[in-house]
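Fold and geometry: a report
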Amino acid sequence: QVQLVESGGALVQPGGSLRLSCAASGFTFSSYAMTWYRQAPGKERELVARIFGGAAGSTNYADSVKGRFTISRDNAKNTVYPQMNSLKPEDTAVYYCNVRHAHCYGMDCWGKGTLVTVSS
């Protein structure tokens, strides 16, 4: 059973930093791309960052977070992290971890999300 558990959400001031975590289980973590999405109040869910599986572990980012967010993974711990720097109020959202896997409903498995609030 594929499971994803996010943690690390918090209230942070503009310009601050935060690192989220997503602990994964139930599949061969190192082989799969892991993606972070976010959903702000009243808005649709959007892709934030993705890190691919395998030795290369290449990444891609939404334009809105390039240069501020860095996604990484620890395959020994089955965990993926977005390091979020220079946070802005518009980064306020629930952040979700995602993996596309054949054992997931509709091929997508999601965690329950973790809330990030950027406010002074």
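Look a little higher up for the structure.
Read on for an overview of the structure.

What counts, and where the lines are drawn
Residues numbered from 1 in each chain as written. Predicted model: local features only at pLDDT ≥ 70, side-chain atom pairs only at ≥ 80, totals over all residues. Heavy atoms only, no water. Salt bridge = Lys/Arg side-chain N within 4 Å of Asp/Glu carboxyl O. Helix = DSSP H or I, 4+ residues; strand = E, 2+ residues; numbered from the N terminus. Buried < 20%, exposed > 50% of the residue type's maximum accessible area, 1.4 Å probe, protein only. Pairing = 2+ DSSP bridges.

As a working rule, side chains carrying opposite charge can pair if their charged atoms are close by. One pass over the full model with this rule turns up 5 salt bridges. Across the salt bridge formed by Asp-91 and Arg-38, the nearest N and O atoms sit 2.9 Å from each other. One end of the pair, Asp-91, is in the loop between β9 (79-84) and β10 (93-100); the other, Arg-38, is in strand β5 (residues 34-39), with 53 residues separating them in the sequence. Per residue, the accessibility class of Asp-91 equals that of Arg-38, and both read buried. Taking the shortest distance from any N to any O, the salt bridge between Asp-63 and Lys-66 comes out at 3.2 Å. On the accessibility criterion, Asp-63 (65% relative accessible area) is exposed. One connected set of salt bridges, linked through shared partners, spans Arg-38, Glu-46, Arg-68 and Asp-91.

Every second residue of strand β8 (residues 69-74) is oriented toward a common face, the buried set being Phe-69, Ile-71 and Arg-73 and the non-buried set Thr-70, Ser-72 and Asp-74. Of the strand pairs in this sheet, β8 and β9 are connected by 6 bridges, and their pairing is antiparallel. If you follow Ile-71 over to β9, its bridge partner there is Pro-82. Here β8 folds back onto β9 in antiparallel fashion, the turn holding 4 residues, of which Asn-78 has a positive phi close to 50°.

Taking burial as the measure, the 8 residues of β10 include 6 buried ones, the bulk of the element. As paired strands, β5 and β10 are joined by 5 bridges and run antiparallel to one another. Paired with Arg-38 across the strands is Tyr-95, a residue of β10. The pairing of β10 with strand β12 (residues 114-118) spans 3 bridges and is antiparallel. Its bridge partner lying in β12, Ala-93 is registered against Val-116. Relative to strand β11 (residues 108-110), β10 runs antiparallel, the two sharing 3 bridges.

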